[in-house]
Amino acid sequence: GGKIAQLLKVDTYTGKVDVIIEETSDSLVTVIPISHIHTLVTPLPETNELIWYSERSGSAHFYLYELSTGRLKNAITEGDWFVRNVLHFDPEMRELVIQTANRVKGRNPYYSDICRVNIDSQKLIEIVSDDNEYIVGDTRSRVSWAAPKSYGVSPDAHYIVATRSRVDTIPESVVFNRQGDELLVLET
């Protein structure tokens, strides 16, 4: 019925199964947004952590867990808005590049922003936020977890290629740097 989600640890030698993380709801637990075909749960094996996607607060956000114990370390994002997608994770900076929606009051809630957020301090920095929809890569065609191969984001996350559009404009692809400066509009 979709009312429980668990992260399990399986000992392949003994067959023993331990529940590491468990989330329950009276209605529905969502770990895969309706717009995706893969989960936004992201393992960080180098640091024994896990980024967990959840709508437990009423809005879609990320949480950081310690993998070995299942202990919640902190909420990565929070507020009366939601995370749409994770585009990139930089393990050295411990920073996610994400898409958000409904963060700016008075703006069309379907327009998505592009932001950076530190997974430890929860400091969120806008990269691009205006009255446009931004599509970075093709999230529907990815079948792997939101992992190192992030389409539309350079490997060092210093550059982002996004298609900017609205119903009353012609879509255009734009290159931004990590500060949100528009560097180039790509010609077709």
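First, a word on what this report is: a plain description of the structure on this page. A quick note: this is a predicted structure, and the numbers were derived from the prediction, not measured. Sequence positions are assigned chain by chain, starting from 1 and proceeding in written order. At least 70 in pLDDT is required for a residue's local features to be given in this predicted model, at least 80 for side-chain atom pairs to be given and counted, and no such filter applies to totals for whole chains, interfaces and linings, which use all residues. Computation of side-chain values covers all heavy atoms of the structure but excludes hydrogens and water.

1. Some words on the nonpolar core
Reasoning step 1: Nine residue types can take part in a nonpolar core, namely buried Ala, Val, Leu, Ile, Met, Phe, Trp, Tyr and Cys, and a core is a set of them joined through side-chain atoms within 4.5 Å. The buried label applies to any residue whose accessible area, calculated with a 1.4 Å probe on protein chains only, is under 20% of its type's maximum; exposed applies above 50%, and partly exposed to all values in between. Of all hydrophobic cores here, the largest spans 17 residues; its most connected members are Ile51, Phe62, Ile76, Leu96, Ile98 and Ile119.
Reasoning step 2: Labels follow the DSSP assignment, with helices taken as runs of H or I lasting at least four residues and strands as runs of E lasting at least two, numbered in each case from the N terminus. The dominant element in this core, judged by the number of residues it contributes, is strand S7 (residues 82-90), at three residues.
Reasoning step 3: By definition, residues are in contact when any of their heavy atoms lie within 4.5 Å. When sequence neighbours within four positions are dropped, the list of residues in contact with isoleucine 51 reads Leu40, Val41, Thr42, Leu44, Phe62, Tyr63, Leu64, Ile76, Phe89, Leu96 and Ile119.

2. Re unusual backbone geometry
Only a minority of non-glycine residues have a phi that is not negative, and only a minority of peptide bonds are not trans.
Reasoning step 1: For arginine 94, which is not glycine, the phi torsion reads 55 degrees and is therefore positive.
Reasoning step 2: According to the relative accessible area criterion, arginine 94 is buried, its value standing at 16%.
Reasoning step 3: The backbone phi angle of alanine 157 is positive, close to 60 degrees, even though this residue is not glycine.
Reasoning step 4: Residue placement: alanine 157 occurs in the loop between strand S11 (133-135) and strand S12 (159-165).
Reasoning step 5: For alanine 157, a relative accessible area of 3% corresponds to the buried category.

3. Digging into the sheet that holds S12
Reasoning step 1: A pair of strands is considered paired only if DSSP assigns at least 2 bridges between the two. With respect to topology, four strands assemble into an open sheet ordered S11-S12-S13-S14, the strand pairing being antiparallel. Of all the strands in the sheet, just S11 and strand S14 (182-186) have a single pairing partner and so form its edges. Strand-to-strand twist of the sheet, defined as the mean angle between neighbouring strand axes without regard to direction, takes the value 35 degrees.
Reasoning step 2: With three bridges connecting them, S11 and S12 associate as antiparallel partners. Residue pairing in the sheet places tyrosine 134 in a bridge with arginine 164 of S12. Angles shown run from 0 to 180 degrees and are taken between the N-to-C directions of axes, each axis being a line fitted to C-alpha atoms and, for helices, limited to the stretch in contact.

4. What to know about the environment of aspartate 113
Reasoning step 1: With respect to the helices and strands, aspartate 113 occurs in strand S9 (residues 112-118).
Reasoning step 2: For aspartate 113 and aspartate 131, which are 18 residues apart along the polypeptide, the C-alpha to C-alpha distance reads 9.1 Å.
Reasoning step 3: Leave out the neighbours within four places in its chain, and aspartate 113 touches Ile98, Gln99, Thr100, Arg103, Val104, Arg107, Val128, Ser129 and Asp130.
Reasoning step 4: Polar contact is the term for a pair of N or O atoms within 3.5 Å; when the atoms are in protein, one must be able to donate a hydrogen and the other to accept it, and sequence-neighboring residues count only if both atoms are side-chain atoms. Within the structure, the side chain of aspartate 113 is placed 3.3 Å from the side chain of arginine 107, a separation counted as a polar contact.

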